[in-house]
Amino acid sequence: MASTSAYHLTFIPSLYKTPPSSLSWKLSLPSTFGAAALRRRRRSNSTKSFVVVALMDAKPTVLVAEKLGEAGIELLKGFANVDCSYNLSPEELCTKISLCDALIVRSGTKVSREVFESSGGRLKVVGRAGVGIDNVDLSAATEHGCLVVNAPTANTIAAAEHGIALLTAMARNVAQADASVKAGKWQRNKYVGVSLVGKTLAVMGFGKVGSEVTRRAKGLGMNVIAHDPYAPADRARAIGVELVTFEEAISTADFISLHMPLTPATSKILNDESFAKMKKGVRIVNVARGGVIDEEALVRALDLGIVAQAALDVFTEEPPPKDSRLVQHENVTVTPHLGASTMEAQEGVAIEIAEAVVGALRGELAATAVNAPMVPAEVLSELGPFVVLAEKLGRLAVQLVAGGSGVKSVKVTYASARGPDDLDTRLLRAMITKGLIEPISSVFVNLVNADFTAKQRGLRITEERIVLDGSPENPLEFIQVQIANVESKFASAISEYGEIKVEGKVKDGLPHLTMVGSFGVDVSLEGSLILCRQIDQPGMIGKVGTILGEENVNVSFMSVGRIAPRKQAVMTIGVDDEPSREALKKIGEVPAIEEFVFLKL
Ligand SMILES: NC(=O)c1ccc[n+]([C@@H]2O[C@H](COP(=O)([O-])OP(=O)(O)OC[C@H]3O[C@@H](n4cnc5c(N)ncnc54)[C@H](O)[C@@H]3O)[C@@H](O)[C@H]2O)c1
Ligand SMILES: O=C(O)[C@H](O)COP(=O)(O)O
């Protein structure tokens, strides 16, 4: 029951004002310690030199740093000592954390590198009671061997309901009219609203929250269209919504509701350029993440009357500055990130996160783990370069998918001289899954959660082994990733069998792309890539190289694969920096270039 060696705690004067004075005593400690009898050893007469050795019971300690539903707390208490300490300063959190095995937070607590460093290796799991984990330093967690788990499903309905609440409140000026009446005014003419029935709502991001918003908006009599390059068309059909392009969505909508994750591709996706394409008088709702809107551009669009109103639950900086022009704008309705804040959602989230944290403390594999799991060192060292290759092939393949095509079926082929039982592909499959999913979602994928995440998104990954002649010393010859039943934004990536196909090898320890569609190429997978299909003729490398050179974009390599001389060729260009839109436009305008695509690795 008790262990004398588990915890050696340096006496911290600020926590214990009175130094222990007898060799045998009981102390009422903060609950982070659990029930403990202590003995002390005096090293000197100085207060600071007391060293206390706790005779701990075997229970782990969980620090709950933000308000968590009671059901979750009860669940935790059945397994651990629970310390609910809210509103800790960063310094207080760092002090407490060395006494804790697990930490549970919402979005209001920054779990920084310092927190992991201060834990002294004791912190084993961080639980995020919600979806977004942008407040947790994942790299630091992984470096410190600390698992991070989240609760991705329990607040979906709450977020969707809040989106609908903002939509209706905005259309009828509820917040502004309420403030006006409370200020003693009665302005019936000023607050005439707009009706929702028959209006077109564009749902941007047709995932968990977006789908639920769609169902509810249809119930209000709205005509709903959705934009999500990666959502399966059959799911959209089942809910009775049409998937459209980004341009069509923003240019035809009367209302736009944002439900995509914040990724490099969605950052500031609503900007001056996109506002200019919208119908004058459009209304915008954001319960996703503040960063998907260029907030300064939104203020300009509001001032110009392009955007008639906006209703926002999330902001680039939270809380936003007090003098924020956006927040203060009379046509903007705001809430302080309340999307997940219903009694029901918080109860659900609390149970979901408590179960995940307890499971993780017991050493079970967590289905909602978001950072790297432990992999045996010998497996990792052998498969290391192939792991990188696998993720990059997944990333490349998914970026070649055209908008509107849902990714549902992926086939992975491993070619190796080893026997089928001699190669554990779980890690490779997980990394391909990571590459396929991460560029298009806010989900973090690893060995623990890859299959779960793929299944949850309706993504079917099948694996095939090709056994080659040759030396089994090398674990793999090549990996091929094929995405079936989709269109590609780069038609040459479609193989003779109609799938998007990319294939790669490890050469000199580095991942290389060796095939795109039916074209053989040979480029090291580093930095970013431009793929061009062109008429095979002299001077092409020079023309494209000059355009990039003028932009100061460093070209790391170029390779040309062709069907036959003077026919078609695919040119692959590795670049260290992202070329500007103008540079990419100029490349597209080179007469012999038939199509091209820019891909981030
Ligand atoms: N305000 C809140 O309190 C609150 C609560 C819950 C979730 N959220 C946020 O809502 C968002 C959606 O959450 P979810 O649980 O539905 O996530 P989800 O992963 O289920 O759905 C996100 C969808 O966005 C799509 N997507 C990715 N890139 C896109 C792009 N460029 N254009 C259009 N769609 C794209 C994905 O394919 C996916 O279908 C996230 O940003 C999440 O952080 C906020
Ligand atoms: O990411 C989420 O789950 C939501 O944005 C809710 O965040 P919260 O837990 O701070 O309410």
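About the cut-offs
- Residues numbered from 1 in each chain as written.
- Chains lettered and ligands numbered in written order.
- Predicted model: local features only at pLDDT ≥ 70, side-chain atom pairs only at ≥ 80, totals over all residues.
- Heavy atoms only, no water.
- UniProt positions renumbered as here; feature names shortened; annotations may be inferred.
- Helix = DSSP H or I, 4+ residues; strand = E, 2+ residues; numbered from the N terminus.
- Buried < 20%, exposed > 50% of the residue type's maximum accessible area, 1.4 Å probe, protein only.
- Contact = heavy atoms within 4.5 Å.
- Areas by Shrake-Rupley, 256 points an atom, 1.4 Å probe, with all protein chains shown as cover.
- 1 Å grid on protein atoms, 1.4 Å probe; cavity = no way out; pocket = protein on both sides within 12 Å on 5 of 7 lines; lining within 4 Å.
- Points joined across faces, edges and corners; volume = space filled by probe spheres on them.
- Near = heavy atom within 4 Å.
- Polar contact = N/O pair within 3.5 Å; in protein donor to acceptor, adjacent residues only side chain to side chain.
- Nonpolar A, V, L, I, M, F, W, Y, C, P; charged D, E, K, R; others polar.
- Salt bridge = Lys/Arg side-chain N within 4 Å of Asp/Glu carboxyl O.

The name given to the chain in an unreviewed UniProt entry is D-3-phosphoglycerate dehydrogenase, with Liquidambar formosana as the source organism. Looking at the Catalytic activity (unreviewed entry) heading of the UniProt record, one finds this comment for the chain: "(2R)-3-phosphoglycerate + NAD(+) = 3-phosphooxypyruvate + NADH + H(+)".

1. A closer look at the overall build of the chain
Per the secondary structure count, the chain includes 18 helices and 26 strands. Within the span of the chain, comprising 601 residues, buried residues form 53% of the whole. In the chain, 65% of the contacts between residues at least 6 apart in sequence involve partners at least 24 apart. Entry remark: accessible area of the chain is about 27,500 Å², with carbon and sulfur atoms responsible for 53%.

2. Overview of the environment of P591
Locating P591 in the fold gives a position in the loop between α18 (581–589) and β26 (593–600). Classification of P591 by relative accessible area gives exposed; the value is 78%. Taking the C-alpha atoms as reference points, P591 and Q534, separated by 57 residues in sequence, lie 8.8 Å from one another.

3. Side note on the layout of surface pockets
Empty pockets left among the atoms are what a rolling probe the size of a water molecule brings to light. Put simply, the second largest pocket is a space of about 790 Å³. Around the second largest pocket sit 28 residues that line it, and S107, G108, E318, P319 and H337 are the ones nearest its centre.

4. Brief notes about the site of ligand 1
The full set close to ligand 1 counts 25 residues, and K208, V209, D228, V287 and I440 are the nearest of them. A distance of 2.8 Å is found between an oxygen atom of ligand 1 and a backbone nitrogen or oxygen belonging to V209. Against a free-state accessible area of 860 Å², the protein chains account for coverage of 95% of ligand 1. Residues belonging to the shell around ligand 1 are distributed by class as follows: 12 nonpolar, 8 polar and 5 charged.

5. Brief notes about the pattern of salt bridges
A complete count under the given rule lists 25 salt bridges for this structure. Note that E589 and K585 form a salt bridge whose closest N and O atoms lie 3.6 Å from each other. A residue pair is termed a helical-turn pair when its members lie 3 or 4 positions apart in one helix, as E589 and K585 do in helix α18 at 4 residues. For the pair shown, E589 and K585 are each scored as exposed. Salt bridges sharing common partners tie together E247, E273, K277 and R581.

6. Side note on the side chain of T333
Tracing the backbone shows T333 in strand β16 (residues 332–334). Setting aside chain neighbours within four positions, we find T333 in contact with A175, Q176, A310, A311 and L312.

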